[in-house]
Amino acid sequence: MTAQILDGAAVAEKIRADVAQAVAERLAQGRPAPGLATVLVGDNPASHVYVRSKHKACQQVGIQSFGYELPATASQAEVEALVRELNADPRVNGILVQLPLPSGLDEERVLSAISIEKDVDGFHPLNIGRLAQKGRDPLFVPCTPAGCMVLIESALPDLNGVNAVVLGRSNIVGMPMALLLVRANATVTVCHSRTRNLREVVRQADVLVAAVGRAEMVRGDWIKPGAVVVDVGMNRVEDPTRPKGYRLTGDVCFDEAKEVAGWITPVPGGVGPMTIAMLLQNTLRAARLAG
Ligand code: NDP
């Protein structure tokens with residue numbers, strides 16, 4: 001069996017086009033363009049790359065973006081003061097604090113300082129808390145898990161009672177992913193570094209989301225035939241044949257898994273583009289909430 005590809009790049013392209021059209025309509029009505037502010041603290045090279053790609057994506061759909069950078073030596077008070085300034089700035093509808101923050105800064109306090117109406121990353125404790133509670137709705141859902149849900153539901157629109165396994169329990173991917181799957185009525189198992197018999201647990205999954213950050217850890221014989229496999233992992237593996245000296249690979253061994261799974265996301269071109277598309281969608285939503 002050869003799996004169908006869940007083409008995140010193509011789905012994301014459609015979402016971006018829809019956002020661009022909605023932004024153009026807002027402008028035609030005389031409303032301001034939605035605005036996204038990014039806050040980058042320190043000089044983590046990967047964070048710089050991510051932030052740049054978010055600004056570029058904003059520009060392509062007509063969202064205004066504002067980049068703020070603070071040195072790695074910035075104090076907790078300075079970072080929180082910047083966030084409060086952006087909370088009060090009417091041009092800014094969404095605030096994205098690029099994670100991870102340099103050590104010494106209290107991430108939870110910084111995220112808590114973001115106004116929940118501008119929390120386009122969905123990491124504010126109130127938004128996450130609402131995601132976890134029955135009958136409550138967050139204003140924003142974290143972008144990577146939200147993008148994974150779009151891909152999963154494009155393969156399997158009805159998740160009622162399906163067995164879903166999430167590999168990883170991080171605040172930004174694994175845990176909100178599990179919460180979203182529970183809300184969609186899947187029966188969810190969350191695995192992590194202490195899970196026993198991981199392969200056997202994963203083999204029960206009708207839907208598998210891998211977010212561990214370990215290159216090609218999930219092998220073909222871990223996968224239930226016909227399963228939906230979503231690979232969040234983005235791992236750099238040395239490869240001297242590539243111009244950059246490395247290639248990107250997921251947490252799933254794609255070549256093995258595609259022979260067993262029913263649907264699978266590639267890396268790159270799967271979850272990555274969806275994350276940015278969801279950020280644009282959330283920023284548009286924030287602008288609409290603001291009026
Ligand atoms: P974290 O390092 O925060 O979390 C990793 C999780 O995997 C932890 O819960 C950890 O368990 C678990 N884990 C680690 N090793 C094992 C193991 N051997 N067996 C079982 N579980 C294990 O990573 P993130 O959630 O931030 O990211 C995960 C991956 O997703 C990374 O490759 C990252 O680059 C990628 N990513 C991709 C995005 C995209 O847009 N495509 C966005 C965000 C992340 P424990 O809790 O016990 O330590």
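Residues numbered from 1 in each chain as written. Predicted model: local features only at pLDDT ≥ 70, side-chain atom pairs only at ≥ 80, totals over all residues. Heavy atoms only, no water.

1. Some words on the overall build of the protein
Within the protein, the secondary structure is distributed over 10 helices and 11 strands. Taking 2.2 N^0.38 as the reference for a compact globule, 291 residues should give roughly 19 Å; the C-alpha atoms of the protein span a radius of gyration of 19 Å, in line with that estimate. Buried positions account for 49% of the 291 residues belonging to the protein. With 30 positive and 30 negative side-chain charges, the protein shows a spacing of 2 Å between the two charge centroids. (Helix = DSSP H or I, 4+ residues; strand = E, 2+ residues; numbered from the N terminus. Rg over C-alpha atoms; globule rule 2.2 N^0.38 Å. Buried < 20%, exposed > 50% of the residue type's maximum accessible area, 1.4 Å probe, protein only. Lys, Arg positive; Asp, Glu negative; His and termini not counted. Charge placed at Lys NZ, Arg CZ, Asp CG, Glu CD.)

2. Details of the nonpolar core
Among the nonpolar cores identified, the biggest contains 51 residues, and I152 and L181 are the most heavily contacted of them. Here this core takes nine residues from helix α10 (residues 271-290), the largest share from any one element. Counting the residues that make up this core, at least three belong to each of domain 1 (31-116) and domain 2 (143-272). Ignoring any residue separated from it by four or fewer positions in sequence, one finds I152 in contact with L159, M177, L181, V207, V209, V228 and V230. (Core = buried A, V, L, I, M, F, W, Y, C linked by side-chain atoms within 4.5 Å. Domains from an automatic or database assignment. Contact = heavy atoms within 4.5 Å.)

3. Things to note about the environment of Q76
Inspection of the secondary structure puts Q76 in helix α3 (residues 76-88). Apart from the residues lying within four places of it in its own chain, the contact partners of Q76 are G104, L105, D106, R109 and V110.

4. Remarks on the site of the ligand
Around the ligand, the structure places 21 residues, and the nearest of them are R169, S170, S193, R214 and T275. Separating an oxygen atom of the ligand from a side-chain N or O atom of R169 is a distance of 2.7 Å. Between an oxygen atom of the ligand and a main-chain N or O atom of M234, the distance comes to 3.1 Å. Relative to its free-state accessible area of 920 Å², the ligand is covered by the protein chains to the extent of 72%. When residues of the shell around the ligand are assigned to their parent elements, the largest contribution, three residues, is made by α10. For the shell around the ligand, a count of residues per class yields nine nonpolar, 10 polar and two charged. (Near = heavy atom within 4 Å. Polar contact = N/O pair within 3.5 Å; in protein donor to acceptor, adjacent residues only side chain to side chain. Areas by Shrake-Rupley, 256 points an atom, 1.4 Å probe, with all protein chains shown as cover. Nonpolar A, V, L, I, M, F, W, Y, C, P; charged D, E, K, R; others polar.)

5. Description of the domain arrangement of the protein
What the domain assignment reports for the protein is domain 1 (31-116) and domain 2 (143-272). Taken over C-alpha atoms, the centre of domain 1 sits 28 Å from the centre of domain 2.

6. Comments concerning the packing of helix α5 (residues 125-132) against helix α7 (residues 174-183)
It is the contact of α5 with α7, at a shortest axis distance of 9 Å, that shows an interaxial angle of 35°. Mapping the contact onto sequence places I128, R130, L131 and A132 in α5 and P176, L179, L180 and R183 in α7. When grouped by side-chain class, the residues that make up the contact of α5 with α7 number six nonpolar, no polar and two charged. (Axes fitted to C-alpha atoms, helices over the stretch in contact; angles between N-to-C directions.)

7. Here we look at helix α6 (residues 143-155)
Across its 13 residues, α6 extends 19 Å between first and last C-alpha, which sits within 8% of the 18 Å expected from 1.5 Å per residue. Of all 13 residues in α6, 10 are buried; the element is thus mostly enclosed. The set of residues buried in α6 consists of C143, T144, P145, A146, G147, C148, M149, L151, I152 and A155. (Expected span 1.5 Å × (residues − 1).)

8. Examining the state of the cysteines
Going through the model one piece at a time under the given rule, you end up with zero disulfides. Unpaired in this structure, C148 has its nearest cysteine sulfur neighbour in C143, at a distance of 11 Å. Here C253 stays unpaired: no disulfide links it, and the sulfur of C191, its closest cysteine neighbor, is 19 Å away. (Disulfide = S-S within 2.5 Å.)

9. Considering the environment of K258
Topologically, K258 is positioned in the loop between α9 (254-257) and β11 (263-264). Placed 44 residues apart in sequence, K258 and R214 show a C-alpha to C-alpha distance of 18 Å.

10. Details of the sheet that holds strand β2 (residues 35-41)
If you walk across this open sheet you meet the three strands as β3-β2-β4, and the pairing is parallel. Only two strands of the sheet have a single neighbouring strand rather than two, namely β3 (64-70) and β4 (94-97). Between one strand axis and the next, the sheet turns through 15° on average, direction left out of account. When β2 meets β3, the two strands line up parallel, connected through seven bridges. In the strand pairing of β3, V39 is matched with Y68. Sheet strands in contact with α3 are β2, β3 and β4, and its direction is about 165° off that of β3. (Pairing = 2+ DSSP bridges.)

11. Section: unusual backbone geometry
In this structure, the amide linkage connecting L99 to the following residue, P100, adopts the cis form with an omega of 0°. Inspection of the secondary structure puts P100 in the loop between β4 and α4 (107-113). In this chain, V267 is followed by P268 through a cis amide linkage whose omega measures -5°. Its location among the elements puts P268 in the loop between β11 and α10. For N185, which is not glycine, the phi dihedral falls at a positive 75°. Note on N185: relative accessible area 45%, which makes it partly exposed. Unlike most non-glycine residues, N197 shows phi in positive territory, near 50°. With respect to the helices, strands and loops of the structure, N197 is situated in the loop between β6 (187-191) and α8 (198-202). Relative accessible area serves as the criterion here: at 59%, N197 is assigned to the exposed category.

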